[in-house]
Amino acid sequence: MSKTSWLAKRVFDVTLVLLSLPLTLPLMGLVALLVRVKLGAPVLFVQPRPGYRGQIFRLVKFRTMREALGPDGKPLPDGQRLTRLGRLLRASSLDELPELWNVLRGEMSLVGPRPLLVAYLPRYTPEQMRRHEVLPGITGWAQIHGRNALTWEEKFRLDVWYVDHRSLWLDVKILFLTVWKVLKREGVEHPGQATMSEFMGSSEAHGVDRGADGE
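Since we're looking at a predicted model, the values are computed, not measured.

Colleague: Could you clarify how one ought to interpret the pairing of strand β1 (residues 44-50) in this entry?
Modeller: Remark: a regular strand shows side chains that alternate across the two faces of the sheet. Examined bridge by bridge, β1 and strand β2 (residues 56-62) share seven bridges and lie antiparallel to one another. Looking across to β2, one finds that R49 is bridged to F57. Where β1 folds back onto β2 in an antiparallel hairpin, the turn is made up of five residues, including R53, whose phi is positive at roughly 55 degrees.

Spelled out as structure tokens, the structure:
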């Protein structure tokens with residue numbers, strides 16, 4: 001992406017976030033209150049994620065899971081920790097609203113490949129690693145084409161397609177289609193699981209349910 005295109009995308013992101021604040025700030029306040037009442041503290045889920053060129057940043061989301069450990073002291077599977085409120089927040093994508101802060105900080109864009117776990121970095125093929133040639137996004141090309149209903153390989157192919165075809169007009173299209181997908185609540189869960197399975201590498205894309213997106 002040229003410097004001019006990068007600047008245009010950055011201005012677009014910041015302008016849209018700032019214009020949306022009169023709506024998003026009260027909404028975030030309401031969600032924060034609900035999370036505090038239903039799940040307790042902390043309200044926010046903060047986790048290191050790889051961004052542009054694999055640089056690590058701290059992603060911020062609303063918490064959607066309760067803290068529950070099994071007899072072995074390890075967190076229970078996502079399906080047992082995900083609450084009714086958490087499912088609602090995920091289905092409506094309201095849990096993603098704090099990521100607007102990451103956008104303002106320049107760590108994320110409104111549109112781009114979703115930032116996944118740091119542990120996945122050594123598991124990508126060189127082609128899949130190309131998803132880090134752009135800023136990660138709150139939504140992306142993969143999200144409007146199936147979200148968690150896709151396999152990891154399908155997601156990564158769509159991510160790389162976005163990297164090769166990115167433009168401001170494509171971002172606008174993705175944002176509009178994202179609103180439609182959220183309203184229809186499509187692809188929120190991976191078939192048979194509460195969240196997407198862990199990515200173990202291209203030869204083992206369907207791992208156990210250990211919270212691929214962390215929260």
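Now that the structure has been shown, the text picks up again.
Colleague: In this structure, what is going on with the environment of F62? I would like to understand it.
Modeller: The residue F62 is located in strand β2 in this model. F62 sits in the buried class, given a relative accessible area of 4%. Distance from F62 to L89, taken between C-alpha atoms, is 8.4 Å for residues 27 residues apart in sequence.

Colleague: What is the right way to read the nonpolar core from this model?
Modeller: One broad trend across soluble globular proteins is that nonpolar side chains are buried collectively. In this structure, V35, L110, W141, Y162 and I174 are the most contacted members of the largest nonpolar core, which totals 30 residues. Those elements that provide at least two residues to this core are α1 (3-39), β2, α3 (84-92), α4 (99-104), β3 (109-111), α6 (152-165) and α7 (168-184). Per-element tally for this core: the top contributor is α1, with six residues. Counting residues in each nonpolar core, the second largest holds nine residues, with L117, Y120, L121 and F199 among its members.

Colleague: I tried to follow the pattern of salt bridges on my own but got confused; where do I start?
Modeller: Between side chains of opposite charge, a pair can form as their charged atoms come close. One pass over the structure, following the stated rule, counts eleven salt bridges. Notably, a salt bridge pairs K9 with D171, separated by 2.4 Å at the nearest N-O pair. Taken together, the residues span a long stretch of sequence, with K9 in helix α1 and D171 in helix α7 at a distance of 162 residues. For K61, the salt bridge is made with D95, and the minimal N-O distance between the two is 3.7 Å. Remark: D95 occurs in the loop between α3 and α4 and K61 occurs in strand β2; sequence separation between them is 34 residues. For the residue pair K61 and D95, the accessibility class agrees, reading buried in each case. Linked through salt bridges whose partners overlap, the residues forming this network are K61, D95, E96, E99 and R114.

Colleague: Explain the packing of aromatic side chains here, please?
Modeller: Both the distance between ring centres and the angle between the ring planes are used here to describe each pair of aromatic rings. Scanning all chains against the criterion turns up eight aromatic pairs. When the ring of Y120 is compared with that of W152, the centres are 5.7 Å apart and the planes differ by 80 degrees; the resulting orientation is edge-to-face. Taken as a pair, Y120 in the loop between β3 and α5 (126-129) and W152 in helix α6 lie far apart in primary sequence, 32 residues in all. For Y120, a relative accessible area of 0% puts it in the buried group. Its relative accessible area of 2% is what places W152 among the buried residues. Taking 5.8 Å as the distance between ring centres and 25 degrees as the angle between the ring planes, the aromatic pair formed by Y124 and F199 counts as stacked. Here F199 lies in the segment after α7 and Y124 lies in the loop between β3 and α5, a separation of 75 residues in the sequence. F199 shares its class with Y124; the two are buried. Through a chain of ring-to-ring contacts, the aromatic side chains of Y120, Y124, W152, F156 and F199 assemble into a single cluster. The residue whose ring lies beneath K155 is W152, and the NZ or CZ to ring-centre distance is 4.8 Å.

Cut-offs and rules
- Residues numbered from 1 in each chain as written.
- Predicted model: local features only at pLDDT ≥ 70, side-chain atom pairs only at ≥ 80, totals over all residues.
- Heavy atoms only, no water.
- Pairing = 2+ DSSP bridges.
- Helix = DSSP H or I, 4+ residues; strand = E, 2+ residues; numbered from the N terminus.
- Buried < 20%, exposed > 50% of the residue type's maximum accessible area, 1.4 Å probe, protein only.
- Core = buried A, V, L, I, M, F, W, Y, C linked by side-chain atoms within 4.5 Å.
- Salt bridge = Lys/Arg side-chain N within 4 Å of Asp/Glu carboxyl O.
- Phe/Tyr/Trp six-rings, centres within 6.5 Å; stacked < 30°, edge-to-face > 60°.
- Lys NZ or Arg CZ within 6 Å of the ring centre and 35° of its normal.

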